[in-house]
Amino acid sequence: MSSQSMQHLLTKSERDAFNRDGFLVVPGALEPDHVDQLVTALDPIEAKYRQESGLKPYQELNRLDVIGEDDSLLELIDWPTTFPKVWGILGWHIALYHSHYISKPPLPRHYEKRRLGWHQDSGRLNVDIETEPRPRISLKVGFFLSDASQPDRGNFHVIPGSHLRNSIDFPDDPKQDHPDAVPVLVKPGDAVLFDRRIWHAGGQNCSEVTRKVLFFGYAYRWLKPRDDMTVEHYLARTEDPVRRQLLGASPNGGFGFTSPAEEDVPLKAWIRDHIGKDAVVP
Ligand SMILES: O=C(O)CCC(=O)C(=O)O
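Described below are features of the structure shown in this document. (Residues numbered from 1 in each chain as written. Predicted model: local features only at pLDDT ≥ 70, side-chain atom pairs only at ≥ 80, totals over all residues.)

Attention now goes to the overall build of the protein chain. Helix and strand content of the protein chain: eight helices and nine strands. Dimensions of the protein chain along its principal axes, counting C-alpha atoms only, are 60 × 40 × 35 Å. Looking at the protein chain residue by residue over its 282 residues, the buried ones come to 39%. The contacts of the protein chain with a sequence gap of at least 6 include a subset with a gap of at least 24, amounting to 84%. (Helix = DSSP H or I, 4+ residues; strand = E, 2+ residues; numbered from the N terminus. Buried ≥ 20, exposed ≤ 12 C-beta atoms within 10 Å, placed from the backbone. Contact = placed C-beta atoms within 7 Å.)

Now the structure itself:
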């Protein structure tokens, strides 16, 4: 893992904001050239899956398990500007459990606006676990590759602070959105970290610009991956121990009574060696 991470550790005010609001914007997480490279890599992948799935040109593509599709995506899992915030929040006992790419082309002009598809992540988890609020368990990083700095560009929407509520009430009119809903306004290269429990939704794209976002989900190692995690080809040639942890490698198996052993969770030692044994991580 790059030592540049040390320059982007989670600050106290970022932690407070994440805990209070349920999300955090990391401006300029990716350089403009890097954004262009990722778009160039993702465009043919998108074209292939659009053709396979028969989507109409204005319909959203949501490609799950995208991480394995192109080498340029691998380095984003421990990216120095975002990953220190991830382990700063969740701690060291984590792995990637999900990755997806959403491309949202402009809607047809006659499209009638409707209420967005509000949800918390991890579907059944919200039904099976009975506490209020439910536990956090995972978070996602969204790398924005298009300009969503204005509303109505298919922005990621949130209800700030709603991560601590198991349910939310909507107006009676089914077209009306929640009064506290806000679009997250971000530029290409910005990243958004969000608590899986925050009530969130993708917005409608009434602009001329296709909205493109790569999402990486991180969770505790005991959570079953959300998608196929097609990463064997990366593991076969990846030596970096932390990256291997994130890809799901675990030489001693799972997380039983005597594990994880240090070699199952090299991120723990990395944090200890770089920050010290008193590092404030869960
Ligand atoms: O496309 C978006 O902005 C929303 C994505 C989303 O709902 C999710 O990743 O769970």
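Take helix α8 (residues 266-275) next. P266, L267, W270 and I271 are the residues of α8 that are buried. Along the long axis of α8, the arc covered by the buried residues comes to 140 degrees, so they all point the same way. Tucked inside the fold, the buried residues of α8 contact α4 (83-90) and α7 (241-246). Count one or two residues on from α8 and you reach G276, which has phi positive near 110 degrees. (Arc of directions from axis to C-beta.)

The strand order across the open sheet formed by three strands is β6-β5-β8, and the pairing between neighbours is antiparallel. Each edge of the open sheet carries a strand with a single partner, namely β6 (182-183) and β8 (200-202). Inspection of the sheet shows strand β5 (residues 156-158) paired to β6 by two bridges, in the antiparallel sense. Bridged to H157 within β6 is P183. (Pairing = 2+ DSSP bridges.)

Before going further, it helps to spend a moment on the site of the ligand. In the neighbourhood of the ligand, the contacting residues comprise I102, D121, K140, F156, H200, G202 and F215. The residue inventory of the shell around the ligand, partitioned by class, reads three nonpolar, two polar and two charged. (Near = placed C-beta within 6 Å. Nonpolar A, V, L, I, M, F, W, Y, C, P; charged D, E, K, R; others polar.)

Right, let's talk about the environment of A29 for a bit. Mapping A29 onto the fold places it in the loop between β1 (23-26) and α2 (32-53). The exposure class assigned to A29 is buried, which follows from the 25 C-beta atoms found within 10 Å. Sequence separation between A29 and T81 is 52 residues, and the spatial gap between their C-alpha atoms is 5.5 Å.

With respect to topology, six strands assemble into an open sheet ordered β1-β7-β4-β9-β3-β2, the strand pairing being antiparallel. One side of each edge strand has no neighbouring strand; the edge strands of this open sheet are β1 and β2 (61-64). Ignoring strand direction, the axes of neighbouring strands in this sheet form an average angle of 20 degrees. Two elements, strand β4 (residues 138-144) and strand β7 (residues 191-195), share five bridges in a ladder whose sense is antiparallel. Note that in β7 the partner of G142 across the bridge is V192. Running over the sheet, helix α1 (residues 12-21) touches β1 and β7 and is turned about 135 degrees from β1. Along the sheet, α2 contacts β2, β3 (94-104) and β9 (211-220); its crossing angle with β2, the most-contacted strand, is approximately 100 degrees. (Axes fitted to C-alpha atoms, helices over the stretch in contact; angles between N-to-C directions.)

The next subject is the pairing of β4. Most of β4 sits inside the fold, with seven of its seven residues counted as buried. Here β4 shows no split at all, with S138, K140, G142 and F144 on one side and L139, V141 and F143 on the other all buried. Sheet topology note: the β4/β9 ladder contains seven bridges and is antiparallel. Bridge assignment links F143 to a residue of β9, and that residue is L214.

With respect to the element layout, L61 can be found in strand β2. Each C-alpha atom, one on L61 and one on Y49, is 7.9 Å from the other, the two residues being twelve residues apart in sequence.

Turning to the environment of L55, a few remarks are in order. Along the chain, the position of L55 falls in the loop between α2 and β2. Since 16 C-beta atoms lie within 10 Å of it, L55 is described here as partly exposed. Note: C-alpha distance between L55 and D36 (19 residues apart in sequence) is 24 Å. Filtering out sequence-adjacent residues up to four positions away, L55 remains in contact with R50 and L61.

What follows covers unusual backbone geometry. Here the residue pair E132 and P133 is connected by a cis peptide bond, since its omega of -5 degrees sits within 30 degrees of zero. Summarising the element assignment, P133 is placed in the loop between α5 (125-128) and β4. Here S122, not a glycine, exhibits a phi torsion of approximately 75 degrees, which is positive. The residue S122 is located in the loop between β3 and α5 in this model. By C-beta crowding, S122 is classed as buried, having 21 other C-beta atoms within 10 Å. Here I137, not a glycine, exhibits a phi torsion of approximately 65 degrees, which is positive. By the secondary structure assignment, I137 is in the loop between α5 and β4.

Structural measurements only, silent on function.
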